[in-house]
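# Observations on chain architecture
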Amino acid sequence: MTKRLVICKTCDGPGVALADALRGRATGWEVVMHECLSACAEPVSMAVQADGKATYVFAGLTDADVDDAVAFARLYDDTDDGWVVDARPAGRLRFCLKTRVPAL
């Protein structure tokens, strides 16, 4: 199963710092940069996606949110469909959620 954390590349410096921090901590996840996630009003944005699971988009992140992003990735891993019911263990990240899209 492909699991990706997609960080907005347009968010440049802060996005790169977040991606680099996640690469060292998000075991089992591919961390990639994408040109733009269209959340420019609240950089940095990040999408969480996996085959057959819901996709989440967060915005307003910094590299200080790495622990919360990793905690969310673990919660997401523990679901069959990616639908995280209780995101409280993900700390501040749950307040940065912009949308979640059900899997096809």
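Preceding block: the structure.
A brief look at the structure comes next. It should be emphasised that the depicted structure is a prediction, and the values quoted were computed from it without experimental measurement.

Under the defined criterion, the tally for this structure stands at seven salt bridges. Across the salt bridge formed by Lys-3 and Asp-77, the nearest N and O atoms sit 3.1 Å from each other. Separated by 74 residues along the polypeptide, Lys-3 in strand 1 (residues 3-8) and Asp-77 in helix 2 (residues 66-77) bring together distant segments of the chain. Residue classification places Asp-77 among the partly exposed residues on the basis of a relative accessible area of 31%. Put simply, Asp-20 and Arg-23 hold a salt bridge, and the shortest N to O gap is 3.0 Å. Linking Asp-20 with Arg-23, this pair stays in helix 1 (residues 12-23), spanning three residues, or about one helical turn. Residue classification places Arg-23 among the partly exposed residues on the basis of a relative accessible area of 45%.

Reading the values: the criteria
Residues numbered from 1 in each chain as written. Predicted model: local features only at pLDDT ≥ 70, side-chain atom pairs only at ≥ 80, totals over all residues. Heavy atoms only, no water. Salt bridge = Lys/Arg side-chain N within 4 Å of Asp/Glu carboxyl O. Helix = DSSP H or I, 4+ residues; strand = E, 2+ residues; numbered from the N terminus. Buried < 20%, exposed > 50% of the residue type's maximum accessible area, 1.4 Å probe, protein only.

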